[in-house]
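# Results of the structural survey
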Amino acid sequence: MAEKERLNMFCYQCSQTAKGTGCTVKGVCGKDATVARLQDNLLFAMKGITAYLYHARELGYTDTEIDAFLEHAFYATLTNVNFDAEEFIRLAVEAGEMNLRTMRLLKKAHIETYGEPEPTEVQTGTVKGRGIIVTGHGLKALEALLEQTEGTGINVYTHSELLPAHAYPKLKRYEHLVGNLGKAWFDQRKLFSKYPVAILGTSNCVLIPRDEYKDRMFTTGPARLPGVQHISEYDYTPVIEKAKSLPELEDERGEVVLTTGFSKSAILSQRDKIKQLVEEGKIRHFFLVGGCDAPLKKMEYYREFVQRLPRDTVVLTLGCGKFRFNDMNLGDIEGIPRLMDLGQCNDAIVAIEIADSLAELFGVGINELPLTLVLSWMEQKAVAILWSLLAIGMKGIYLGPILPAWVNDEILKVLRENYEIQLVSNPEEDIKHILS
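Structure report, in brief. (Residues numbered from 1 in each chain as written. Predicted model: local features only at pLDDT ≥ 70, side-chain atom pairs only at ≥ 80, totals over all residues. Heavy atoms only, no water.)

## Quick notes on the overall build of the protein
Of regular secondary structure, the protein possesses 16 helices and 18 strands. C-alpha atoms of the protein, sized along the principal axes, occupy 65 × 60 × 40 Å. Burial statistics for the protein: of 436 residues in total, 56% are counted as buried. Counting only contacts in the protein whose residues sit at least 6 apart along the sequence, the fraction spanning at least 24 positions is 71%. Here the protein displays about 18300 Å² of accessible surface, and carbon together with sulfur accounts for 48% of that area. (Helix = DSSP H or I, 4+ residues; strand = E, 2+ residues; numbered from the N terminus. Buried < 20%, exposed > 50% of the residue type's maximum accessible area, 1.4 Å probe, protein only. Contact = heavy atoms within 4.5 Å. Areas by Shrake-Rupley, 256 points an atom, 1.4 Å probe, with all protein chains shown as cover.)

In structure tokens:
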């Protein structure tokens, strides 16, 4: 949440209106700004957890231990239940642990349902014919649409966080899943106005639509938009009929071909080669660069960061933050790609499992690996992922380009002292500091 969006927010601690950020009415409920902000943090983290848990449950996967934690943690945020800042930090770490459990559950659900992702090239641009763009995170919704459009002559395109869908064997077998249009979530209004296609929003990250495409946009699952038809189950007949009524797209292939689908198995199948290249000094450092993108000029930092990296470094990426630079051809190091897209933001669990495996391979702790995380920040799932990384003891994370709104000087001091959190400055200086 942006700082300005917190102004005049309703204070759920004391049922008063806060006149700025955090609690300004300590005399009423006894809670100070730091406790109020830590409550915000916990609520955001739990929202992130429930987003992943929802998609796992869609596929029939549940976990009662995660459910029990959410029950307890939500209760802790009720009015005048908890005034203890240290307890909220403990709950945040536990939320990180529960998010690890949730991401593993969702990974299991995706792989057992659709197969393990494999490196896949994805075409950009359009193919001749009528089309539907699918945005969001929902693989089950995408699968249902692909089943229902098979043989209709309608082409299906992914957008933003659904790019990794092309790498799942069960989904990539659909020949009419033809490519990816657009980049991160915030290009929707321009992108959806440009192409005369039907649009299906499957989860959060959908924006209030412009009038020129509102009548051809639909939502499903948890997504709802004013003036947009919602489909509560998985029967996408209205989407398909709308697509049939629209003009055909021209065959205008994009110059860029994106690659996604670097699963844990795909990367670790090269573990011996990776170890050899590291020991020979041919791979100096690994970077995980990704996260949540935002429509801010400051986010240009991430493209410049990747552009400036020496050729003896490797970049792993995930989330919609990858769209800042995933069109770049970084080449390879003796067959090991220098840029590898692990998937959606929830595939942070893949990055964690790869880091654990490499630490075991080299016989070191995870913080002794030649690995640095440089994460962009936007919304609730990013909060859950950050605390997952802190829960496993990851230190020295670079975070930016703006601080989360719930962080004040006191909280930042704790994050720096306990977890060595670094704030990004400029790409050249940060790279120099990391590699020195």
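## Some points on empty space enclosed by the protein
Applying the stated criterion across every chain yields a total of six cavities of 30 Å³ or more. Size it by volume and the largest cavity reaches roughly 240 Å³. Around the largest cavity, the lining comprises 24 residues; the ones closest to its centre are L288, L373, L375, I385 and L389. Of all the secondary structure elements, the ones that give two or more residues to the lining of the largest cavity are strand 11 (285–291), helix 13 (348–362), strand 16 (371–376) and helix 14 (380–391). Its residues placed into classes, the lining of the largest cavity shows 21 nonpolar, three polar and no charged. Roughly 110 Å³ of internal volume is contained in the second largest cavity. Every residue lining the second largest cavity is counted, 16 residues in all, and those nearest its centre are P117, Y168, L342, D347 and V350. Among the elements that make up the lining of the second largest cavity, the one with the highest residue count is helix 4 (residues 85–114) (three residues). (1 Å grid on protein atoms, 1.4 Å probe; cavity = no way out; pocket = protein on both sides within 12 Å on 5 of 7 lines; lining within 4 Å. Points joined across faces, edges and corners; volume = space filled by probe spheres on them. Nonpolar A, V, L, I, M, F, W, Y, C, P; charged D, E, K, R; others polar.)

## With respect to unusual backbone geometry
Along the chain, G400 connects to P401 via a cis peptide bond; the corresponding omega equals 0 degrees. Relative to the assigned elements, P401 resides in the loop between strand 17 (398–400) and helix 15 (409–419). The backbone phi angle of C205 is positive, close to 80 degrees, even though this residue is not glycine. On the secondary structure map, C205 appears in the loop between strand 7 (198–201) and helix 8 (211–214). Taking the relative accessible area as the measure of exposure, C205 reaches 25% and is therefore partly exposed. Although it is not a glycine, E334 adopts a positive phi angle of roughly 50 degrees. Mapping E334 onto the fold places it in the loop between strand 13 (332–333) and strand 14 (336–337). Assessed through its relative accessible area of 41%, E334 is described here as partly exposed.

## Topic: the packing of helix 11 (residues 271–279) against helix 13
Two numbers describe how helix 11 lies on helix 13: the axes approach to 11 Å, and their chain directions differ by 60 degrees. Classified by the angle their axes make, helix 11 and helix 13 are oblique. The two elements helix 11 and helix 13 cross, and the hand of that crossing is right-handed. Judged by residue contacts, R271, I274, K275 and V278 of helix 11 engage L358, L361 and F362 from helix 13. (Axes fitted to C-alpha atoms, helices over the stretch in contact; angles between N-to-C directions. Parallel < 35°, antiparallel > 145°, perpendicular 65-115°, else oblique. Left-handed = near helix turned anticlockwise from the far one by under 90°.)

## A word on the packing of aromatic side chains
Enumeration according to the criterion identifies seven aromatic pairs in this entry. Taking 6.2 Å as the distance between ring centres and 75 degrees as the angle between the ring planes, the aromatic pair formed by Y114 and Y168 counts as edge-to-face. Here Y168 lies in the loop between strand 5 (155–159) and helix 6 (169–172) and Y114 lies in helix 4, a separation of 54 residues in the sequence. An identical accessibility class is assigned to Y114 and Y168; each is buried. Centroid distance F287 to F305: 5.5 Å. Interplanar angle 75 degrees. Geometry classified as edge-to-face. Residue F287 is found in strand 11, and its partner F305 is found in helix 12 (residues 300–308); the two are separated by 18 residues along the sequence. (Phe/Tyr/Trp six-rings, centres within 6.5 Å; stacked < 30°, edge-to-face > 60°.)

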